[in-house]
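# Coordinate analysis (summary)
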Amino acid sequence: MDTKMKQITNHVLMIRPVAFRMNEQTAVNNYYQKELDKDPDHIQKLATKEFDNFVDKLRQVGVKVTVVSDTLEPNTPDSIFPNNWVSFHQNGTVGIYPMFAENRRLERRDDILKSLESDGYKINKIIKYTSKEDENIFLEGTGSIILDRENRTAYCALSPRADRDLFFQFCKDFDFAPVVFTAYQTTNTGQRKKIYHTNVMMCVGKTFSVINLSSIDDVTERQTVINTLEKSGKEIIDISESQVCNFAGNMLEVQGRDTSYVAMSQSAYNALDDSQRKRIEGHAPILSVDITTIETLGGGSARCMMAEVFLQYAPKAA
């Protein structure tokens, strides 16, 4: 392990959609997905425009974005969210994760890893958890796991897509201390259901954490999360459940040219109040982008679209 771990990176992987649509296989426990009454071609055009605009905004502030286009076959409507199947770590290890939806398992692409290597990024080891799919055990990358890399702490809200035992195995393999809890949302039927991904209700930056504390119903679990965040020196910025429904918890701090930025969607930005925005901007300026089509149909937002690349750049001599 490197002695000094970075919490944020200036390099992200993003997958450009070619046939974006609502994924019926994920909608069974992603309660943020909604249908849009538009034809598929129009939806694809909207999603592509939103994606390209997001990439442009990141690049304009100095974030390195590796863009890989999706393929028409196999059919992978959620490929725009690569952080669920892969994670790249500073010591050269890559994690490959088991996915709940069968059609999301098709998103995993060895060619992307090989392309990064050929571009000069060093991969020392690949840890695959994908065999767990045969046992219906899932852990969907940095959707399920929120990493405080500097303090070697990992947070996980248990759900049908985040298995406790496999999370503990991940923490052992990648040298993180585990913090486990269950987070809930109130659905349209009034039922209290588990939130499908931790990164919907929680974000950890260098010096802050945006989190929906009220989603953690168990008082002891909630206090453990608070204590751990405070011990690691994070300012806790609490958000409401209604703000979570507008993806205000789904943000990511990335390193730009001269400073870091907190990337989030425009709907997330609009859902925050002035005080919350001011507190976030006390740590880093906000970079917001309109990705309404992607959020509505995909049930994921800005953070989900970025797979952070922490691999060391070590190009071979010519």
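Fair warning: this is a prediction, and the values are worked out from it, not measured in the lab. (Residues numbered from 1 in each chain as written. Predicted model: local features only at pLDDT ≥ 70, side-chain atom pairs only at ≥ 80, totals over all residues. Heavy atoms only, no water.)

## With respect to the overall build of the protein
Worth spelling out the cut-off: Numbering of helices and strands runs from the N terminus, with a helix taken as a DSSP run of H or I at least four residues long and a strand as a DSSP run of E at least two residues long. Categorising residues by exposure relies on relative accessible area from a 1.4 Å probe, with only protein chains included: less than 20% of the type maximum marks a residue as buried, more than 50% marks it as exposed, and the intermediate range marks it as partly exposed. Whether two residues touch is decided by their heavy atoms; if any such pair falls within 4.5 Å, the residues are in contact. The convention is simple: Lys and Arg are positive, Asp and Glu are negative, and His and the chain ends are not counted. The atom standing in for a charge is NZ when the residue is Lys, CZ when it is Arg, CG when it is Asp and CD when it is Glu.
Looking only at helices and strands, the protein has 9 helices and 17 strands in total. Dimensions of the protein along its principal axes, counting C-alpha atoms only, are 55 × 50 × 45 Å. Expressed as a percentage of its 318 residues, the buried residues of the protein come to 57%. Within the protein, residue pairs in contact and separated by at least 24 positions form 74% of the contacts whose partners lie at least 6 positions apart. Side chains of the protein give 38 positive and 43 negative charges; the mean places of these two sets differ by 4 Å.

## Looking at helix H5 (residues 219–231)
This is how the line gets drawn: Multiply 1.5 Å by the residue count of a helix minus one, and that product is the helix's expected span. Taking the helix axis as origin, the arc is that swept by the directions to the C-beta atoms. Nitrogen and oxygen atoms within 3.5 Å of one another constitute a polar contact, given that in protein one can donate a hydrogen and the other can accept it, and given that sequence-neighbouring residues count only through two side-chain atoms.
Helix length check: H5, at 13 residues, gives a terminal C-alpha distance of 18 Å against a target of 18 Å (1.5 Å per residue), a fit within 8%. When we look at burial in H5, the residues that qualify are Val225, Ile226 and Leu229. For H5, the arc enclosing every buried residue in end-on projection is 95°, short of the 170-degree limit, so these residues lie on one face. Of the exposed residues in H5, those oriented more than 90 degrees away from the buried face are Thr220 and Lys231. With a side-chain oxygen positioned 3.0 Å from the backbone nitrogen of threonine 220, the residue opening H5 is aspartate 218. Within two residues after H5, glycine 233 carries a phi angle of roughly 80°, on the positive side.

## Here's the deal with the nonpolar core
Across soluble globular proteins, you tend to see nonpolar side chains buried next to one another. Inclusion rule: Throughout this description, the term nonpolar core refers to a set of buried Ala, Val, Leu, Ile, Met, Phe, Trp, Tyr and Cys residues connected via side-chain atoms within 4.5 Å.
Tyr155, Phe181, Met201, Met202, Ile211, Val225 and Ile280 are the most contacted members of the largest nonpolar core, which has 34 residues in total. Within the residue set of this core, elements represented by two or more residues are strand E7 (153–157), strand E8 (177–181), strand E11 (202–204), strand E12 (208–211), H5, strand E13 (235–238) and strand E15 (260–265). If near-sequence neighbours (up to four positions away) are discounted, valine 225 is found in contact with Tyr155, Val179, Phe181, Met202, Ile211 and Ile216. In terms of nonpolar packing, the next biggest core, distinct from the first, is built from 27 residues, Val254, Leu287, Cys304 and Met305 among them.

## Focus: the pairing of E8
The condition that has to hold: For two strands to pair, DSSP has to find at least two bridges joining them. By convention a crossover is right-handed if, when the strands point away from the viewer, the path from the first strand over the helix to the second runs clockwise.
Relative to E8, E7 runs parallel, the two sharing 5 bridges. When the bridges of E8 are listed, alanine 154 appears paired with proline 178. You can see the chain leave E7, run along helix H4 (residues 164–174) and come back into E8, and the turn it takes is right-handed.

## Section: helix H2 (residues 110–118)
Looking at H2, one finds that the buried residues are Ile112, Leu113 and Leu116. Projected onto a plane normal to the axis of H2, the buried residues spread over an arc of 100° and lie on a single side. H2 presents Lys114 and Ser118 as exposed residues on the side facing more than 90 degrees away from its buried surface. Against the buried residues of H2 lie strand E1 (11–16), strand E2 (64–69), strand E3 (86–88), strand E4 (93–96) and strand E5 (125–128). Glycine 120 sits one or two positions beyond H2 and adopts a positive phi of about 110°.

## Points about the packing of aromatic side chains
What counts, and what does not: Each aromatic pair joins two rings of Phe, Tyr and Trp (for Trp, the six-membered one) with centres within 6.5 Å, and gets the label stacked for planes under 30 degrees apart, edge-to-face for over 60, and tilted for any other angle.
Inspection of every chain in the model, using the stated rule, returns 7 aromatic pairs. For the ring pair tyrosine 97 and phenylalanine 170, a centre distance of 6.3 Å and an interplane angle of 50° mean the geometry is tilted. Separated by 73 residues along the polypeptide, tyrosine 97 in the loop between E4 and H2 and phenylalanine 170 in helix H4 bring together distant segments of the chain. Given the relative accessible area of 1%, tyrosine 97 is considered buried. Owing to a relative accessible area of 1%, phenylalanine 170 belongs among the buried residues under this scheme.

## Describing the side chain of threonine 66
Along the polypeptide, threonine 66 turns up in strand E2. Setting aside anything within four residues of it in sequence, one finds threonine 66 in contact with His11, Val12, Leu13, Met14 and Leu116.

## Points about the environment of phenylalanine 54
In this fold, phenylalanine 54 is placed in helix H1 (residues 40–60). A relative accessible area of 0% means that phenylalanine 54 is categorised as buried. For the pair phenylalanine 54 and aspartate 290, spaced 236 residues apart in the sequence, the C-alpha separation amounts to 8.0 Å. Once residues lying within four places of it in the same chain are set aside, the contact partners of phenylalanine 54 are Met14, Ala263, Leu287, Val289, Ala302, Met305 and Met306.

## Overview of the sheet that holds strand E14 (residues 252–255)
Strand pairing in a sheet relies on backbone hydrogen bonds, with the paired strands running either antiparallel or parallel. Short version of the rule: Interaxial angle, 0 to 180 degrees, is taken between N-to-C directions of lines fitted to C-alpha atoms, where a helix line uses only the stretch in contact.
Sheet architecture is open: 3 strands sit in the order E14-E15-E16, paired in mixed fashion. The open sheet has two edge strands, E14 and strand E16 (286–289), and neither has a second partner. The average undirected angle you get between the axes of adjacent strands in this sheet is 35°. On top of the sheet, H1 reaches E14, E15 and E16; it is set at about 160° to E16, its chief contact.

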